[in-house]
Amino acid sequence: MTLTRAGMVAERLCRAFWPFWIAAGLALAMLAAGWLRAAPVELYWISGLGFGAALLMTFGLGLRRFRWPSRDEALARVDAAMPGRPIAALADAQAIGAGDAASEAVWAAHQRRMAAAAARARPVAGDYRLSSRDRYGLRYIAALLLVTALLFGSLFRIALPGEVAGGPGAALASGPAWEGWVEPPAYTGRPSLYLADIPAGPLSVPEGSVVTLRLYGEVGALAVAETVSGRTGNVPSAADERQSFTIRQDGRLAIEGADGATWQVRVTADMPPEVRLDGPLQVEGTGEMSQPFAATDDYGVVSGAATLSLDLGAVERAHGLAAEPDPREPLIVDLPMPFTGSREAFTERLVEDFSEHPWANLPVTLTLEVTDAAGQTGAAAPMEMILPGRRFFQPIARAVIEQRRDLLWSRENARRVLGMLRTIAYEPQGFFPNEITYLRLSFTLRRLSGYLEAGALTAEQQDELAAALWELAVQLEDGTLADARARLERARDRLAEAMRNGASEEEIQELMNELRDATDDYMQMLAQNAQPLENQADQPQSAQNEMQTITQDEIDALMDQIQELMEQGRMAEAAELMEELNQLMDNLQMQQAEGGQGMNTPGQQSMEDLAETLRDQQGLTDESFQELQEQFGQNGQEGQQGQQGEPGQQGEGQSPGAGEAQDGRQGENGQGGEGGAEDQPGGPGSLAERQESLRRELNRQRQNLPYTGGDEADAAREALDRAEGAMEGAEDALREGDLAEAIDRQAEAMNALRDGMRNLGEALAQNQQETEPGQGQGEGQTMGQVAPLRRDPLGREMGEAGQLGTDENLLGSQDLSERADELMEEIRRRSSERERPKLELDYLRRLLERF
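Residues numbered from 1 in each chain as written. Predicted model: local features only at pLDDT ≥ 70, side-chain atom pairs only at ≥ 80, totals over all residues. Heavy atoms only, no water.

What follows concerns the overall build of the chain. Counting its regular elements, the chain contains 23 helices and 20 strands. When contacts within the chain are restricted to residue pairs at least 6 apart in sequence, those whose partners lie at least 24 apart make up 71%. Accessible surface computed for the chain: about 47,000 Å², of which carbon and sulfur atoms make up 52%. (Helix = DSSP H or I, 4+ residues; strand = E, 2+ residues; numbered from the N terminus. Contact = heavy atoms within 4.5 Å. Areas by Shrake-Rupley, 256 points an atom, 1.4 Å probe, with all protein chains shown as cover.)

And the structure:
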């Protein structure tokens, strides 16, 4: 009851005196904030009288409205807050049924329930809401102004009219007499410093920090003295209100005057960045280089560059390099920077491929340089190196690349390069892998000759010819070959060349991959041209029994062993094993097993049809090239009319490609190619019709391909579609008489046909394994003649699983450790016999070092 009555008192005070509270709050806010300090004295007193009258009026109005709550009012509020109003029910008397025992019993029970409810009564809070009375929220405005004045002012600094402009507290009330900030450079990542919060004394800041000062009060009362900026000449006044300068050196910074301060500034120097090579240069088989490096800086490296300069003094000035080189700017490439993380200390790799650059495989100087945010640079010690570039193993490709290097070395070498390329193109039979590469070389010769006849070679023409020679060398090295057998032989020769000259692990890996691909293509070619078993029925039984069977897994195991020996530096042993593999592949015969009624499966029939189409396309390409040679011969014969000189000497207006084509043909049939293409039975018209017929046949074969699923089948269909498109392009070129374009399209068609046949073979093999799991060699399966006793290429019996090695226990019952000791003892004994060959002693020494 008491708490409820006290809440009612507070409620009625708020409702009666809320205007008084607003007036008092506004008056205190004005006094605490000092809004009237600068006002005239009259306004000061008028405002005081106005607020005084408002306070008196609102206080009197509040007294008039206020009524002290009685006990009954408090009791009624508590009773009204409970359901059933139990307190009022306890004061009620029984109106009817008095004297009746049952009625009195009910009434007594009702009184007990109401008493119990009244005992649970709780105080009722007052209602302090004034929204219905203060509709404009004036109480909130007064409260906001009062709080703001108390935060930024003080009731203890209330100035009277006579104390507004003076007094000892005036300076204190105006805030600090000066302010200053030191802002380090943004790249340092350090925060700004507020000088007013830093005690006087030593102060360390980064170099390049900017000091900003603001002086308040009377001009001249404060002054700035500093020796950290190093400014000379036109220096602003030390008493300027706003000053800003950059810290460049150690020195003194002082605010002279009342409440001033002095600091001894020490500059933290920004050290230049550092960079160094962080490991040896690594070169991939394709010529791509990878140079690790490490860079550091106290605030982080921003950028870097690698500069490659020709080391002219280290170049062997012979042959095409004897001439003075064309001036070239140093080669500059950007260094890679970390995308994430700190750049204060990091390691990265410079990965670039400079195979096509004029300085490839020549001595150069590599210099790494990095830059920080302040513009400072740091460089590593120059490193002398041979600029890595792609290595070519095919002889003609290597010769073409050498002439390309000489042409890029100096434009004065143009005529020398022309003569050397003519020598390379002379009698191309047996040297060029196909006619297309020879034709491209002839076209390049014609362009080079034409440029020289028109005058000196320009830089644009030099770059154009270099690009053509590069593409020619790449095609000679990696280009299309007539069949898988030629590609296999080419891969063998390249690997043998690498064994003789020494090759890196990357080059060994690349060459072994090429050998594996060529072997796969060769095995597929043998399968496509397999000989039925009945054709070998007339062979002697002994010859059939001597035949060996070998799987692709066994060939892969042999090549893995060759690669391991090469990587270990055991080139002699690798060469011996390579020779055994070559003999095995040379003597390999693939036979086609007969099954059922001896009929081919749809997959085999499709492979045979595609192989026939490939042979027809190859023949058509050969005829197109012969037709093009005849056209060159006719043009060359016309260009030789009226010339004098020895036979075989080119005339002034003859192109090199025409002369070489004519010389090659005269070496064969002794004549100069009389007649035009239109007079020949195989002219462009008839060739175009044959190309159209071949394209239609390929389209029919595409429609009749057996259904096989998987990625290999999709790749086969895509390759055959590309082949048909290339045939269509060749057909259009033949009808237009553009034989050179036709030959290019025909070469694309043959490449696509080979890809399609390879992918189709893989799809058929995979489909057969999925549909006939666990079965042996069935219908149409390609296999070798099974011998009674299967042996591997080294003459060892093969295991039951068909893999290299044997399942037999070659050691018998002898203990393994005992046998190992005997072998080591035998190796030591043989290595001590100095009369043995040096090659064998080196091998034994490597065994001892390894085991």
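This part is about the sheet that holds strand 4 (residues 210-215). As summarised here, the arrangement of the four strands in space is 2-1-4-6, forming an open sheet in which the pairing is antiparallel. Taken across any chain shown, the strands that pair with only one partner, and hence form the sheet edges, are strand 2 (193-194) and strand 6 (242-246). Summarising the sheet, strand 4 and strand 6 pair through five bridges and their orientation is antiparallel. Looking at the pairing, T212 lines up with S244 of strand 6. (Pairing = 2+ DSSP bridges.)

Next up on the list: a negative patch on the surface. Taken together, the side chains of E728, D732, E736, D738 and D744 make up a negatively charged region of the molecular surface. Among the elements that make up the negative patch, the one with the highest residue count is helix 20 (residues 711-736) (three residues). Following the sequence through the fold, E728 ends up in helix 20. (Patch = residues over 30% accessible without salt bridge, like charges linked within 9 Å, V, L, I, M, F, W, Y side chains within 5 Å. Salt bridge = Lys/Arg side-chain N within 4 Å of Asp/Glu carboxyl O. Lys, Arg positive; Asp, Glu negative; His and termini not counted. Charge placed at Lys NZ, Arg CZ, Asp CG, Glu CD.)

Let's shift gears to the confidence of the model for the chain. Confidence in the prediction for the chain averages 76 pLDDT; 77% of positions are at 70 or higher. Per-residue pLDDT stays below 50 along residues 528-547; that stretch engages in 34 contacts with residues further than four places along the chain or on separate chains. Note on residues 589-599: pLDDT under 50 across the span, and 36 contacts to partners over four residues away in sequence or across chains. (pLDDT = per-residue confidence, 0-100.)

Here Q243 is to be found in strand 6. One polar contact links the side chain of Q243 to the main-chain carbonyl oxygen of D240, over a distance of 3.2 Å. If near-sequence neighbours (up to four positions away) are discounted, Q243 is found in contact with V211, T212, L213, R214, L215, V224, S237 and A238. (Polar contact = N/O pair within 3.5 Å; in protein donor to acceptor, adjacent residues only side chain to side chain.)

To continue, consider the sheet that holds strand 8 (residues 261-268). Sheet strands line up and pair through hydrogen bonds in the backbone, either parallel or antiparallel. Across the sheet, which stays open at both edges, the four strands sit in the order 3-8-7-5 with mixed pairing between neighbours. The outermost strands of the open sheet, each flanked by one partner alone, are strand 3 (201-206) and strand 5 (223-226). Strand-to-strand twist in this sheet, taken as the mean axis angle between neighbours without regard to direction, amounts to 25°. Inspection of the sheet shows strand 3 paired to strand 8 by six bridges, in the parallel sense. Across the sheet, the residue bridging to P202 is Q264, located in strand 8. (Axes fitted to C-alpha atoms, helices over the stretch in contact; angles between N-to-C directions.)

The final tally for this structure, using the stated rule, is 34 salt bridges. Between E692 and R735 there is a salt bridge, and its shortest N-O distance comes to 2.8 Å. Of this pair, E692 sits in helix 19 (residues 684-703) while R735 sits in helix 20, and the two are 43 residues apart along the sequence. Salt bridges sharing common partners tie together E11, R15, R77, D127 and R129.

Helix packing for two helices is described by the angle between their axes and how far apart those axes are. Packing of helix 9 (residues 414-425) against helix 10 (residues 435-454) leaves a shortest axis separation of 10 Å and a crossing angle of 155°. Accordingly, the angle class assigned to the pair helix 9 and helix 10 is roughly antiparallel. Helix 9 and helix 10 meet at a crossing whose hand is left-handed. Of helix 10, the residues touching helix 9 (which contributes A414, R415, V417, L418, L421, R422, I424 and A425) are Y438, L441, L445, L448, S449 and L452. (Parallel < 35°, antiparallel > 145°, perpendicular 65-115°, else oblique. Left-handed = near helix turned anticlockwise from the far one by under 90°.)

The residue R85 is not glycine, and still its phi comes out positive at about 45°. With a phi angle near 60°, H319 is a residue other than glycine that sits in the positive phi range. Looking at where H319 falls in the secondary structure, it is placed in the loop between strand 12 (301-310) and strand 13 (331-334). On the basis of relative accessible area, H319 is assigned to the exposed category, the value being 60%. (Buried < 20%, exposed > 50% of the residue type's maximum accessible area, 1.4 Å probe, protein only.)

In this section: the nonpolar core. Counting residues in each nonpolar core, the largest one holds 40 residues, and the members touching the most others are V400, L407, L421, F432, L441, L448 and L476. Contributions of two or more residues to this core are made by helix 8 (395-409), helix 9, helix 10, helix 11 (459-478), helix 17 (602-639), helix 19, helix 20 and helix 21 (739-771). No other element matches helix 10, which puts eight residues into this core. Non-local contacts of F432, meaning those with residues more than four positions away in its chain, are made with I396, I424, A425, T437, Y438, L441 and L476. Within the second largest apolar cluster, 24 residues are counted, among which are M499, L577, L581 and M585. (Core = buried A, V, L, I, M, F, W, Y, C linked by side-chain atoms within 4.5 Å.)

Taken as a whole, this structure holds nine aromatic pairs when the rule is applied. Where F17 meets W21, the ring centres are 6.3 Å apart and the plane angle is 50°; that geometry is what we call tilted. Within this pair, F17 and its partner W21 are both found in helix 1 (residues 2-33), separated by four residues, close to a single helical turn. For W21, a relative accessible area of 49% puts it in the partly exposed group. Considering the side-chain rings of F392 and W470, the 5.6 Å spacing of their centres and the 90° angle between planes classify their relative orientation as edge-to-face. Taken together, the residues F392 in the loop between strand 17 (383-386) and helix 8 and W470 in helix 11 connect sequence positions 78 residues apart. Each residue in the set F17, F20, W21 and F59 is aromatic and connected to the rest through ring pairs, giving one cluster. (Phe/Tyr/Trp six-rings, centres within 6.5 Å; stacked < 30°, edge-to-face > 60°.)

Attention shifts here to helix 2 (residues 41-65). For helix 2, which comprises 25 residues, the first-to-last C-alpha distance of 36 Å matches the rise-based estimate of 36 Å (1.5 Å per residue) to within 8%. Regarding helix 2, the residues found buried are Y44, S47, T58 and G62. (Expected span 1.5 Å × (residues − 1).)

Time to look at the environment of A503. With respect to the helices and strands, the residue A503 is situated in the loop between helix 12 (484-501) and helix 13 (505-528). The sequence separation of A503 and G285 amounts to 218 residues, and the corresponding C-alpha distance is 8.9 Å. Those residues in contact with A503, other than ones at most four positions away along the chain, are R391, A498 and I508.

Helix 2 packs onto helix 1 with a crossing angle of 160° between their chain directions and a minimal axis gap of 7 Å. In this view, helix 1 runs roughly antiparallel relative to helix 2, as classed from their interaxial angle. In this structure, helix 1 meets helix 2 at a crossing whose hand is left-handed. Packed against helix 1, whose contacting residues are R15, A16, F17, W18, P19, F20, A23, A24, L26, A27, M30 and L31, the element helix 2 presents Y44, F51, A54, L55, T58, F59, G62, L63 and R65 at the interface. In terms of residue class, the contact of helix 1 with helix 2 is made up of 17 nonpolar, two polar and two charged. (Nonpolar A, V, L, I, M, F, W, Y, C, P; charged D, E, K, R; others polar.)

What follows deals with a positive patch on the surface. A surface patch of like charges, here positive, comprises R64, R65, R67 and R133. When you line up the elements, R67 lands in the loop between helix 2 and helix 3 (71-80).

Its 20 residues place the ends of helix 10 29 Å apart at the C-alpha level, agreeing with the 28 Å of an ideal helix rising 1.5 Å per residue. Inspection of helix 10 places I436, T437, Y438, L439, L441, S442, T444, L445, L448, S449, Y451 and L452 among the buried residues, and these make up the whole buried set. Positive phi appears at G455, one or two residues downstream of helix 10, with a value of about 140°.

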